[in-house]
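Chain by chain, the residues run as shown.
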Amino acid sequence: MLTDRRQQVLRALIEEYIAHALPVGSRTIVEHYGLGVSSATVRNDLSALEEEGFIQQPHTSAGRIPTDAGYRAYVEEIISSGALGDSHPHRSLVEKLRQSADALDDLMERTSAELARLTDCLSLVTPPDQGQTHLRQISRMGLSALLRKPEFQDSSTLLPLMEILEDESVLLSVFNGEGRRADNIMVRIGSENASAGLSGVSVITGIYGRGAARGIIAVIGPTRMDYTGVIRAVKAAQDAMGENG
């Protein structure tokens, strides 16, 4: 169980790393996040967080970066704090999508494209039919955004993910698998994904529709993603596509 201050230090480190993709040191946290404690105190907290497995130091002289466990603690804090609320930042967009789409296929395509734009990650929407395995929309904008992330500049990290994206049956099993849910949103972080090819990404999925007529909304991005923004965007996509499951 993290103390309040260490939770604040962890949150600051993760938000800084999400923003800049660079290891974070104690001085950066003290100067940018106004925690009201000394650099020495923050260094001690970072050491404790590393011992507990929430962060790691990629190089001896570098700052720290989050681990999957660190991201999980961060996401759980976001959810429990109620900070996510609903999709209110995107309410006008939801109404625009509903009014502009003239058919379900069009709504799915527009929603997926907007989801990719909002999250800067790969996004897709499956049809509201459990018996239909064809994945209608993997947004090209979302895929190109993913390829630009520093995490995927090395082809050895990208190829396993691309192989999964090309296999619809594997991809559907990924989205329909088990995970930690909150408000009809499921978040799986890195090693929490059953497939080894997804160990470097986070998968956030939401259900829309009810009963047999349910579809899936999904976002795939690096574990270094803006979880608050992505979860809110998935909630907005759920609202655009119809009643939540």
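As shown above, the structure is provided for reference.
Let us look at the structure shown here. (Residues numbered from 1 in each chain as written. Predicted model: local features only at pLDDT ≥ 70, side-chain atom pairs only at ≥ 80, totals over all residues. Heavy atoms only, no water.)

Attention now moves to the nonpolar core. Leu10, Ile29, Val187, Ile204, Ile217, Tyr227 and Val234 are the most contacted members of the largest nonpolar core, which has 48 residues in total. Looking at which element gives the most residues to this core, the answer is helix α10 (residues 227-241), with nine residues. If we skip the residues at most four places from it in the chain, Tyr227 touches Tyr71, Tyr74, Val75, Ile78, Val187, Ile189, Ser202 and Ile204. Listed in part, the 15 residues of the second largest apolar core include Leu161, Leu165, Val201 and Val203. (Core = buried A, V, L, I, M, F, W, Y, C linked by side-chain atoms within 4.5 Å. Buried < 20%, exposed > 50% of the residue type's maximum accessible area, 1.4 Å probe, protein only. Helix = DSSP H or I, 4+ residues; strand = E, 2+ residues; numbered from the N terminus. Contact = heavy atoms within 4.5 Å.)

On to helix α3 (residues 39-51), then. For α3, with 13 residues, the first-to-last C-alpha span of 18 Å sits near the 18 Å given by 1.5 Å per residue. Buried residues of α3: Val42, Asp45, Leu46, Ala48 and Leu49, and no others. Along the axis of α3, the buried residues cluster in a sector spanning 165 degrees; they form a single face. Turned more than 90 degrees away from the buried face of α3 sit Asn44 and Glu51, all of them exposed. Contacts made by the buried residues of α3 are with α1 (4-20), α2 (26-33) and β1 (55-56). Once α3 ends, the next one or two residues include Gly53, with phi positive near 90 degrees. (Expected span 1.5 Å × (residues − 1). Arc of directions from axis to C-beta.)

Moving on, we get to the packing of aromatic side chains. In this description, a pair of aromatic rings is defined by centroid distance and the angle of the planes. All told, the structure shown has two aromatic pairs when counted by the stated rule. An angle of 50 degrees between the planes, with centres 5.8 Å apart, marks the rings of Tyr71 and Tyr227 as tilted. Here the residue Tyr71 occupies a position in helix α4 (residues 68-81), and Tyr227 occupies one in helix α10, the gap between them amounting to 156 residues. Tyr71 sits in the buried class, given a relative accessible area of 2%. On the numbers, 6.5 Å between centres and 70 degrees between planes, the contact of Tyr74 with Tyr227 is edge-to-face. You can see Tyr74 sitting in helix α4 and its partner Tyr227 sitting in helix α10, a full 153 residues away along the chain. Put simply, the rings of Tyr71, Tyr74 and Tyr227 touch in pairs and so form one group of aromatic residues. (Phe/Tyr/Trp six-rings, centres within 6.5 Å; stacked < 30°, edge-to-face > 60°.)

This next bit is on the environment of Ser92. For Ser92, the location among the structural elements is in helix α5 (residues 91-100). Placed 144 residues apart in sequence, Ser92 and Ala236 show a C-alpha to C-alpha distance of 9.9 Å.

This part covers the pairing of strand β7 (residues 201-210). The element β7 is largely enclosed, with a buried count of nine among its ten residues. By the bridge criterion, ten bridges tie β7 to strand β8 (residues 213-222) in an arrangement that is antiparallel. For Arg210, the partnering residue across the bridge sits in β8 and is Ala213. Here β7 folds back onto β8, and the loop between the two strands holds two residues, one of which, Gly211, carries a positive phi near 60 degrees. (Pairing = 2+ DSSP bridges.)

Even without being a glycine, Ala21 presents a positive backbone phi close to 60 degrees. Relative to the elements of secondary structure, Ala21 occurs in the loop between α1 and α2. Judged by relative accessible area, which is 25%, Ala21 ranks as partly exposed. Phi is positive for Asp120, which is not a glycine, with a value near 55 degrees.

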